[in-house]
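# Observations on chain architecture
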Amino acid sequence: MDAAVRRVVGRDPATFEYLGRTGNRELAYVRFVRSPEEAARQGRTQVYQAVARSAGKPARRRAEADQMALFDDLVEVVRADEADEDERASEEEGMA
């Protein structure tokens, strides 16, 4: 993750600054050097758009069939967890 953050910051150093971990600072963080909110009201949209372009965000892609299968698997796992919780609750009630 650190490498990805450094790449994004490196693409737009006028907007972002990466501050890594040091002996005094346990966590690294990204500082906004220039925030889109600092722009005049009329120019904010353009600044936000420029930030998105500098991040190199790819255009949205359609979900592949395999990705939808992953979602179905997630739903199945959540339902199984809920069933386990219900079973544990009923066992606890039976012991009380």
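Here, the structure is the one placed above.
Note that the coordinates shown come from a computational prediction; the quantities given were computed from them, not determined experimentally. (Residues numbered from 1 in each chain as written. Predicted model: local features only at pLDDT ≥ 70, side-chain atom pairs only at ≥ 80, totals over all residues. Heavy atoms only, no water.)

## Remarks on the pattern of salt bridges
Operational definition: A side-chain nitrogen of Lys or Arg and a carboxyl oxygen of Asp or Glu constitute a salt bridge if their distance falls within 4 Å. Note on conventions: DSSP H or I runs of at least 4 residues are helices, E runs of at least 2 residues are strands, and numbering of each starts at the N terminus. Each residue gets one of three labels from its accessible area relative to the maximum for its type: buried under 20%, exposed over 50%, partly exposed in between, using a 1.4 Å probe on protein chains only.
Across all of its chains, the model carries two salt bridges by this definition. Two residues, Glu 17 and Arg 31, come together in a salt bridge whose shortest N-O distance is 2.7 Å. Of this pair, Glu 17 sits in strand S1 (residues 16-19) while Arg 31 sits in strand S2 (residues 29-32), placing them 14 residues apart in sequence. Among the residues examined, Arg 31 registers a relative accessible area of 37% and is labelled partly exposed. The residue Arg 44 makes a salt bridge to Glu 37 at a minimum N-O spacing of 3.8 Å.

## A closer look at the packing of aromatic side chains
In this description, an aromatic ring pair is defined by two values, namely the gap between the centres and the angle between the planes. Where we set the bar: When the centres of two rings from Phe, Tyr and Trp lie within 6.5 Å, Trp using its six-membered ring, the rings pair. Their planes under 30 degrees apart give stacked, over 60 give edge-to-face, and anything left gives tilted.
Summed over all chains, the structure comprises one aromatic pair. Taken together, a centroid distance of 5.3 Å and an interplanar angle of 55 degrees make the contact between Phe 16 and Phe 32 tilted. In this pair, Phe 16 is assigned in strand S1 and Phe 32 in strand S2, connecting sequence segments 16 residues apart. Given a relative accessible area of 11%, Phe 16 falls into the buried group.

## Considerations on helix H2 (residues 44-54)
Note the cut-off: This arc corresponds to the set of directions leading from the helix axis out to the C-beta atoms. What makes two residues a contact is simply this: any of their non-hydrogen atoms within 4.5 Å.
Along H2, the residues that are buried comprise Val 47, Val 51 and Ser 54. Considered in projection along H2, the buried side chains sweep an arc of 70 degrees and stay on one side of the axis. At its buried positions, H2 is contacted by helix H1 (2-11) and S1.

## Observations concerning a negative patch on the surface
Just so we agree on the cut-off: Only residues whose relative accessible area exceeds 30% and that take part in no salt bridge are eligible for patches, with like-charged residues grouped when within 9 Å of each other and nonpolar side chains (Val, Leu, Ile, Met, Phe, Trp, Tyr) grouped when within 5 Å. Residue exposure ignores everything except the shown protein chains as possible cover, and the areas themselves are Shrake-Rupley values with a 1.4 Å probe. Under the counting rule used here, the positive set is Lys and Arg, the negative set is Asp and Glu, and His together with the chain ends is not counted. Positions of charges follow a simple convention, taking NZ of Lys, CZ of Arg, CG of Asp or CD of Glu.
Together, Asp 81, Glu 82, Asp 84, Glu 85, Asp 86, Glu 87, Glu 91, Glu 92 and Glu 93 make up a negatively charged patch on the protein surface. Along the chain, Glu 91 turns up in helix H3 (residues 65-95). The class for Glu 91 is partly exposed, based on a relative accessible area of 43%.

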